[in-house]
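# Tertiary structure, described
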Amino acid sequence: MSRLLRYTLALCDVYDSKYLPAAFVNRRLGYRPQQRQTLISVCSAAESLICHSIENDIEVYSFKHKLLSELYLKLYLESPDGCANRYELVKKLIDHAAGSLGTPEQEYVLETLLNILIRNKDRDINDRDINDLSQLLVDIALIGTQRSLIEHLAKRFKPEADRLLEKESFDVPEQRDRRTIGILRLVSHAYAHLGKLYAKPPENYQEAAQCFTLATHYMPNNDPFIFHMHGNVLYHQLQKQWADILKNGNFCGEKDQGDFESRMDKALLLFEKACEYGDVQYGLTGQMNLLFEYLRFAYRVNNIRTKEDLRKLTPRQISYQTRLIETLETAEQYGEFDEEAVRNIQNKKNQLYSEILMGDYGKTIEYYQNEYDKLSSSNNTAGAIAALQGLVSAKIQKARAAYEAAKSKNRSLYQMIPEPQTLLNQIGVLLQELYNKRGYYFYAKRTSLFRHWFQLAKLADYAVSDADIQADYWVQTENTIKGKKNPEPYYYKALVLYLERLDGMECEGELQSVRDTIDSMDANQLFDPRRGRLDKIRDLLVEGHGMGRLLNVSDCGPSAEIANRVSAAQKMPTVLCGTVESVQLWGAELSVYAPPALARQKASSEIGKMSRNTLSGDQINHKVMFFGGFTTKGIRAVSDSVKDQDTGEAFSVPEILGAMGNNKDQIAAKEQEQQSGQTKAAYQEYPAVPVSFPAIYEGYGSTGEAGEHKVFYPQNVVPGYQGQDDPQYLNGKVDGGVGEMSVSYFTELFGKKQIDAYGGIDDILNALIKIGLMDMTVKNVRELDGKKCYTLGLYNENIELSQLLQLQKRLSISEKKPETQDEIVSLPKFKNKSVFFIPEDPELTKTNGTFEVDGVNYSGILVNVKTRNDRKKAKEYNGKIPAIVFGTPQSGKYTLKMK
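### As for the packing of aromatic side chains
Under the counting rule described, the total for this entry stands at 22 aromatic pairs. Here a set of aromatic residues connected by ring pairs shows up, and it is made of Phe450, Trp453, Phe454, Tyr462, Trp474, Tyr491 and Tyr492. Stacked on the ring of Tyr491, the Lys or Arg Arg538 has its end atom at 5.3 Å from the ring centre.

### Observations concerning unusual backbone geometry
A cis amide bond links Pro201 to the next residue, Pro202, at an omega of -5 degrees. Residue position: Pro202 is located in the loop between helix H9 (178-198) and helix H10 (205-218). Geometrically, the link from Ala594 to Pro595 is a cis peptide bond, its omega value of 0 degrees lying close to zero. Within the secondary structure, Pro595 sits in the loop between strand E7 (588-594) and strand E8 (602-605). One non-glycine residue with positive phi stands out, namely Gln525, at about 55 degrees. The topology assignment puts Gln525 in the loop between helix H22 (508-523) and strand E4 (539-541). Among the residues examined, Gln525 registers a relative accessible area of 57% and is labelled exposed. Despite not being glycine, Arg600 shows a phi value in the positive range, around 75 degrees.

### Remarks on the nonpolar core
Residues Leu117 and Phe157 are the most contacted members of the largest nonpolar core, which totals 183 residues. For this core, the leading source of residues is helix H17 (residues 381-406), giving eleven residues. Excluding residues within four positions of it along the chain, Phe157 makes contact with Ile94, Ala97, Ala98, Leu101, Leu110, Leu113, Ile183, Leu186 and Val187. Of all hydrophobic cores here, the second largest spans 23 residues; its members include Val542, Leu551, Ala569 and Tyr795.

### Describing the environment of Ile345
Looking at where Ile345 falls in the secondary structure, it is placed in helix H15 (residues 339-356). Overall, the relative accessible area of 8% leaves Ile345 in the buried class. Measuring from C-alpha to C-alpha, the distance between Ile345 and Thr327 comes to 9.8 Å, with 18 residues separating the pair along the chain. Aside from chain neighbours lying at most four places away, what touches Ile345 is Met288, Leu328, Ala331 and Phe337.

### Focus: empty space enclosed by the protein
Applying the stated rule across the entire model yields six cavities of 30 Å³ or more. In this structure, the second largest cavity encloses a volume near 70 Å³. Lining the second largest cavity are Glu326, Glu329, Thr330, Gln389, Val392, Ser393, Ile396, Lys445, Ser448, Leu449 and His452. When grouped by side-chain class, the residues that make up the lining of the second largest cavity number three nonpolar, five polar and three charged.

What counts, and where the lines are drawn
Residues numbered from 1 in each chain as written. Predicted model: local features only at pLDDT ≥ 70, side-chain atom pairs only at ≥ 80, totals over all residues. Heavy atoms only, no water. Phe/Tyr/Trp six-rings, centres within 6.5 Å; stacked < 30°, edge-to-face > 60°. Lys NZ or Arg CZ within 6 Å of the ring centre and 35° of its normal. Helix = DSSP H or I, 4+ residues; strand = E, 2+ residues; numbered from the N terminus. Buried < 20%, exposed > 50% of the residue type's maximum accessible area, 1.4 Å probe, protein only. Core = buried A, V, L, I, M, F, W, Y, C linked by side-chain atoms within 4.5 Å. Contact = heavy atoms within 4.5 Å. 1 Å grid on protein atoms, 1.4 Å probe; cavity = no way out; pocket = protein on both sides within 12 Å on 5 of 7 lines; lining within 4 Å. Points joined across faces, edges and corners; volume = space filled by probe spheres on them. Nonpolar A, V, L, I, M, F, W, Y, C, P; charged D, E, K, R; others polar.

And the structure:
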């Protein structure tokens, strides 16, 4: 057996490529296949050291144990010139591999070269910088020898790469097979690594630039690692020049400045491409390093030492400062970077705050606000938009610093913003700008704006119809990016459709289509896992209006933190009811039946010891109540809140939240997790809110059944019983007894004006009886003729009477008997629908006629706001009048009630 071949096998094994193809080895030994000569048959002694096996359908040889490989290689290298021996051994392997082109084992041999020369990184180096070389090159050590070896690799395979490229059509390359891709990838990475080596001392940046031009030329597809390596070389070249200027004082002013900024823009574009094509973690790190080092250099040459000196920065330098803030903001959107990247991001945030912003976001915000006001008044639209972008980014970063300083999950990042409505309006202005995707930076910036807009819209109780339009635009933006997708836009699109269902909109088909899209993308692994878990609760459903029914809990960990957030936000969680459909190892699947607007929607819940609920396989078909949240994959129960009604578990909002908030095991586990590897915050602002339950929870009761959520089936109006103060009650059935709602309570709640607008209390009560379903809360319970009698109040007392009637009519369609459903389905097209009434607009012809609105006749058109296009048309028309249709048309005449 050839000594050289033995050492080659050992070399490959030591540097993470254990196997060599048997045909390749036999050919190198000169064996003749037609005579069935093999290493084992010719040299039987080799069998004691060498294994003959099958890997990936190819016969291969390998040493029986890595220790043997290490000993043989050590023996070969323990000579007066071990480095030269290693170089010659690898060079001969490259030559032999080039001779295997066109053979069946070509692909395997190319992979071997990639593994030992390119991919086999030093396991102790965590950050991918200019010194990130394979372990084999690190062991060769001498920079000249490293360059020579990689240059030899590139030149040996370049002719074949050129031949393959010449074969392809100039306009549309033929579909490349794996062998072609393998050759091109090897040559491309060889030139990229050679360029990286020329950027090491003694530097030759001209040669490095030529090598990266060749690397880009031979790339078989967009390779994020090559873009990142090229960007890093430019960064280190600039960094070296800046250090030389600061040391020797040879700065030439505007001439140097323009050259630096030109090369910076090129490097930033390369880092953007690295992000766009998959290397987000290191692409963003490269951007942050470059921008920060340049700003540090600009501060030094401009002698900026105080906050007042910031005016010395040029507009271009201010734009780089804005971009650094925006890059940090983009990095915050990713939750699964490795520890080294997370540390680097945190360090850059701390350096930005202390060194660049001099410990004061306020001055930055003041600067951008002044610039925006000045440029807006001078009609400099482009400049004003740039200043507004900087203002928004600075405000978000200031809130983030306060959020991290507080070290509490009681308040979300966006609750740290003093004037959320103002910031929401400013972001709205930026989102009105036409979006033409010009690179990852512009995509990332717009993604951040959408994310901020939706979070602030929740705090501002924004209209769901507007949020629906923004969700559509966000999905369109996301679809311009190739590769792994951000799940957030698809999540928010589904979320607004859930809310529209709660508002009575007929969007079940559209919601199902979005849910199918999400499931398909998840199944095909199209979502970027670094954007967060798809089954994590992002928003809790709470009582409120519009987008205000969503409480952001995406940054909360255990349920204890969710309880703290609910308490601090002064919100009442919406209670959902469902039945247990199945229990698996991963959790339970529930089917929602209340609120009826979400009926038949699927929900999931964790089970087991840590979830603190009792769900098991014995509870199939049991009725349960729970707080509901939304995940990308759909509705999810806050597992600690799940209570089984059929086994007698009581549902008391204060008690459940109290138990969640005092879950010491979860709190301790989260605190321990936070303490590992976290940096101390820059400053303290907004003290933590203690776990307490405000007045909003009073009246929901902590004992008995008071405060429970009940479905009430009204049947008639009865006089008050003896001893009762109210003269009349709406009487009916409740699961497990009878129920009553005081008419006086109802009239006081809505007031005479609203009630008279709908024909008076008698008409309303009769309508509610005819509908036959109401969503209620228990106020009191007593015994009556051996049965429980529940005194009830509306579950949502903040609801408008128009919304209640609309809600109840809509709910009744799914709950009443089949013959009643047929009757309702046969009613006119627009009856009981939420519509936009648009006076005199021939462009939106849906139903023409005369319409009576609160006793006044109008000529116009009805738009049934049912589909996305209807919503957009109505939204874009300035004269919309929200209304509800009652009654049947007579001679083209509908009766409308204003919302």
